[in-house]
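Spelled out from the first residue to the last, the chains are:
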Amino acid sequence: MSENPVFDRIKAEIDASPVTVFMKGTAVFPQCGFSARVVQILSHLNVPFKSVNVLEDAEIREGIKSYTNWPTIPQVYVKGEFVGGCDIVTEMFQAGELQSLMEEAGVTAKA
Amino acid sequence: MPMQADEIAGFIKSALPDAEVIIKDLAGDGDHYAAHVTSAAFKGLPRVRQHQMVYAALQGRMGGALHALALTTAIPE
């Protein structure tokens, strides 16, 4: 049990799926341009993921920012590791690094 | 209270004195900027750490006074 009960809830969400995205809205209905772009990139790479809608949970929305010392949403986690927000995911995607990260983590769905 | 471009650059430079900072106003509302920060302090650090350093320089304004900052970082050639 950590000192912040919200951190345990966050960790449970992260551990519940190989790829977890804390975002505004849902994968089907993103409610923020940055969250929508991350959904687009992961879908393009054929990477299934679990989305957590922070707009429906104010505690997680604030807690996630101190959980990783990262001030913004969306946040992408692969196998429990924080990969980054929209900027880093986009930059890695354009550099081809995201594809290799997902393949190495074995989270890419077979087409 | 939105931020001005030079205010953002000032915060970053005070934390990263050697940084070269290019700021683009994306929406003209003082809330949506793009920033490209080049500094030797990023050398050898993963991107997440580099961005965290820039966010730390903004002393908690990121996600508050400053709603969106499309950030890219680089190491001098």
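The present account deals with the structure reproduced in this document. (Residues numbered from 1 in each chain as written. Chains lettered and ligands numbered in written order. Predicted model: local features only at pLDDT ≥ 70, side-chain atom pairs only at ≥ 80, totals over all residues. Heavy atoms only, no water.)

Details of the sheet that holds strand 3 (residues 75-78) of chain A
All names here are of chain A.
In step 1: Spatially, four strands are ordered 2-1-3-4 in an open sheet, and the strand pairing comes out mixed. Both outer strands of the open sheet, strand 2 (50-53) and strand 4 (81-84), are each paired with one neighbouring strand and no more. Strand after strand, the sheet turns through a mean of 25° between neighbouring axes, direction not considered.
In step 2: Sheet topology places strand 1 (residues 19-23) next to strand 3; four bridges connect them, and they run antiparallel. Note that in strand 3 the partner of T20 across the bridge is Y77. (Pairing = 2+ DSSP bridges. Helix = DSSP H or I, 4+ residues; strand = E, 2+ residues; numbered from the N terminus. Axes fitted to C-alpha atoms, helices over the stretch in contact; angles between N-to-C directions.)

Quick notes on the environment of E13 of chain A
All names here are of chain A.
In step 1: With respect to the helices and strands, E13 occurs in helix 1 (residues 5-15).
In step 2: Expressed as a C-alpha distance, the spacing of E13 and G80, which sit 67 residues apart in the sequence, is 9.5 Å.
In step 3: The residues contacting E13, other than those within four sequence positions of it, are T20, F22, K50, V52 and I60. (Contact = heavy atoms within 4.5 Å.)

Some remarks on the nonpolar core
In step 1: In terms of nonpolar packing, the biggest core is built from 53 residues, with F22 of chain A together with I12 and V37 of chain B touching the most fellow members.
In step 2: Contacts of F22 of chain A, omitting those with residues within four sequence positions, involve I10, E13, I14, V52, V54, I60, I64, I73, P74, Q75 and Y77 of chain A. (Core = buried A, V, L, I, M, F, W, Y, C linked by side-chain atoms within 4.5 Å. Buried < 20%, exposed > 50% of the residue type's maximum accessible area, 1.4 Å probe, protein only.)

Some words on the interface of chain B and chain A
In step 1: Each partner contributes to the interface: chain B provides 14 residues, whereas chain A provides 16 residues.
In step 2: Carbon and sulfur atoms make up 58% of the surface buried where chain B meets chain A, a total of about 1200 Å² over both sides.
In step 3: Between E91 of chain A and R47 of chain B there is a salt bridge, with its nearest N and O atoms 3.1 Å apart.
In step 4: Counting residues per element, the ones that place at least two in the side of chain B that touches chain A are helix 2 (47-57) and strand 3 (68-74) of chain B.
In step 5: Classifying every residue of the side of chain B that touches chain A gives seven nonpolar, six polar and one charged. (Buried area = accessible area lost by both parts, 1.4 Å probe. Salt bridge = Lys/Arg side-chain N within 4 Å of Asp/Glu carboxyl O. Nonpolar A, V, L, I, M, F, W, Y, C, P; charged D, E, K, R; others polar.)

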